[in-house]
Amino acid sequence: MNIPTPHIGVSQQGIVAKTVLMPGDPLRAKFIADTFLEDAVQFNNIRGMLGFTGTYKGKKISVMGSGMGMPSIGIYSFELFQFYGVENIIRIGSCGAYTDELELYDVILATDAYSESAYAKVQSGSEDDVMLPSPELNEKLEGFAKELEIELHKCRIHSNDVFYNGQEGYFEMVRDKHGCKAVEMESFALFANAKATGKKAACLLTVSDSLVTHKVTTAEERQNAFTEMMKIALEMAE
């Protein structure tokens with residue numbers, strides 16, 4: 001029997017699948033469960049961070065929100081890895097484009113995540129400012145995208161601690177100095193947790209806005225319309 005953690009109220013053994021998809025928005029997790037999963041069962045609602053387990057094409061998979069920012073995904077992903085037998089977490093999130101090569105709704109597979117965050121240093125003493133996803137998971141996700149005929153943009157992403165950054169020219173500096181093509185706020189911590197626990201993690205992103213062209217998607221579109229990355233990640237069910 002699992003012992004509930006402070007943030008995930010699971011006691012039933014095996015209700016959380018070995019592979020968990022993690023959107024930031026818990027309502028996106030609910031959308032995925034309602035739209036794609038069969039026999040979905042809700043396993044978490046603490047603090048409104050909804051988690052569900054069901055089957056996709058007859059295979060088991062879970063989906064759970066992570067919240068916004070590294071401290072939030074850091075808590076949830078660590079508890080899933082450490083206490084609930086989860087082996088793989090695939091973040092499926094939104095991001096901002098740092099280059100006009102990326103359009104709204106383009107799907108990105110993160111090759112690595114650069115951050116100025118102290119998360120990895122505080123969590124495990126790591127001085128690295130770049131964290132890597134699992135090569136095995138990335139290879140599988142790339143293969144599924146090819147089978148589904150969904151174009152993937154593979155690139156380094158920036159995991160930022162501050163959404164409202166007031167420093168003029170900051171994103172251009174990060175883009176040009178560190179080679180980041182998009183920005184989000186979670187993957188560096190997720191990859192650090194996977195490394196610390198000996199588990200696997202990957203990140204698929206959909207471009208929701210552009211810091212170059214200033215095009216944006218609505219909150220409803222971010223919740224319900226990012227289906228291509230969802231379909232790729234759901235193929236990880238086993």
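The paragraphs below set out a description of the structure included in this document. (Residues numbered from 1 in each chain as written. Predicted model: local features only at pLDDT ≥ 70, side-chain atom pairs only at ≥ 80, totals over all residues. Heavy atoms only, no water.)

### Focus on the pattern of salt bridges
Working step 1: Applying the stated criterion across every chain yields a total of 14 salt bridges.
Working step 2: When the shortest N-O distance is used, the salt bridge between Glu186 and Arg91 registers 2.8 Å. Taken together, the residues span a long stretch of sequence, with Glu186 in the loop between strand 9 (180-184) and helix 6 (187-197) and Arg91 in strand 5 (residues 88-97) at a distance of 95 residues.
Working step 3: For Glu186, a relative accessible area of 5% puts it in the buried group.
Working step 4: Here Glu136 ties to Lys140 by a salt bridge, and the two come within 3.6 Å at their closest N and O atoms. Here the residue Glu136 and the residue Lys140 both occupy positions in helix 4 (residues 135-148), the gap between them amounting to four residues, near one helical turn.
Working step 5: Look at Lys140 and you get partly exposed, because its relative accessible area is 37%.
Working step 6: Each of the salt bridges in this network shares a partner with another, and the network as a whole consists of Arg91, Glu184 and Glu186. (Salt bridge = Lys/Arg side-chain N within 4 Å of Asp/Glu carboxyl O. Helix = DSSP H or I, 4+ residues; strand = E, 2+ residues; numbered from the N terminus. Buried < 20%, exposed > 50% of the residue type's maximum accessible area, 1.4 Å probe, protein only.)

### Quick word on the packing of aromatic side chains
Working step 1: Under the counting rule described, the total for this entry stands at four aromatic pairs.
Working step 2: Ring geometry for Phe31 versus Phe36: centroids 6.5 Å apart, planes at 85 degrees, classification edge-to-face.
Working step 3: By relative accessible area, which is 17% here, Phe36 ends up buried.
Working step 4: Ring geometry for Tyr98 and Phe171: centres 5.2 Å apart, planes at 25 degrees, overall stacked. Taken together, the positions of Tyr98 in the loop between strand 5 and strand 6 (107-114) and Phe171 in helix 5 (residues 170-178) put the pair 73 residues apart, joining distant regions of the chain.
Working step 5: What makes Tyr98 buried here is its relative accessible area of 2%.
Working step 6: With a relative accessible area of 17%, Phe171 lands in the buried category. (Phe/Tyr/Trp six-rings, centres within 6.5 Å; stacked < 30°, edge-to-face > 60°.)

### Observations regarding the environment of Ala194
Working step 1: Position of Ala194 relative to the elements: it lies in helix 6.
Working step 2: Excluding residues within four positions of it along the chain, Ala194 makes contact with Phe81, Lys199, Lys200 and Ala201. (Contact = heavy atoms within 4.5 Å.)

### A closer look at the pairing of strand 9
Working step 1: The buried fraction of strand 9 amounts to four of the five residues, a majority that puts the element mostly inside the structure.
Working step 2: With two bridges connecting them, strand 5 and strand 9 associate as antiparallel partners. Within the sheet, the bridge partner assigned to Gly96 lies in strand 9 and is Val183.
Working step 3: Bridging between strand 8 (residues 152-159) and strand 9 involves four bridges; their strand directions are parallel. Bridge pairing in strand 9 places Ile157 opposite Ala182. (Pairing = 2+ DSSP bridges.)

### Focus on the side chain of Ser66
Working step 1: By the secondary structure assignment, Ser66 is in the loop between strand 4 (59-64) and helix 2 (70-83).
Working step 2: The contact partners of Ser66, leaving out residues within four places of it in the chain, are Met22, Pro23, Gly24, Met49, Ser72, Ile73, Tyr76 and Glu186.

### Comments concerning the nonpolar core
Working step 1: In terms of nonpolar packing, the biggest core is built from 39 residues, with Leu80, Ile108 and Ile157 touching the most fellow members.
Working step 2: Elements with a contribution of two residues or more to this core: strand 1 (19-22), helix 2, strand 5, strand 6, helix 3 (119-124), strand 8, helix 6 and strand 10 (200-210).
Working step 3: When residues in this core are grouped by element, the largest group, six residues, is from helix 6.
Working step 4: With sequence-adjacent residues up to four places away left out, Leu80 is seen in contact with Ile8, Val16, Val20, Met22, Met64, Gly85, Val86 and Ile89.
Working step 5: Of all hydrophobic cores here, the second largest spans 32 residues; its members include Leu21, Phe31, Ile90 and Phe226. (Core = buried A, V, L, I, M, F, W, Y, C linked by side-chain atoms within 4.5 Å.)

### Details of the environment of Asp25
Working step 1: Mapped onto the secondary structure, Asp25 falls in the loop between strand 1 and helix 1 (26-36).
Working step 2: The exposure class of Asp25 is partly exposed, given its relative accessible area of 26%.
Working step 3: Sequence separation of Asp25 and Asn88 is 63 residues, and the distance between their C-alpha atoms is 19 Å.

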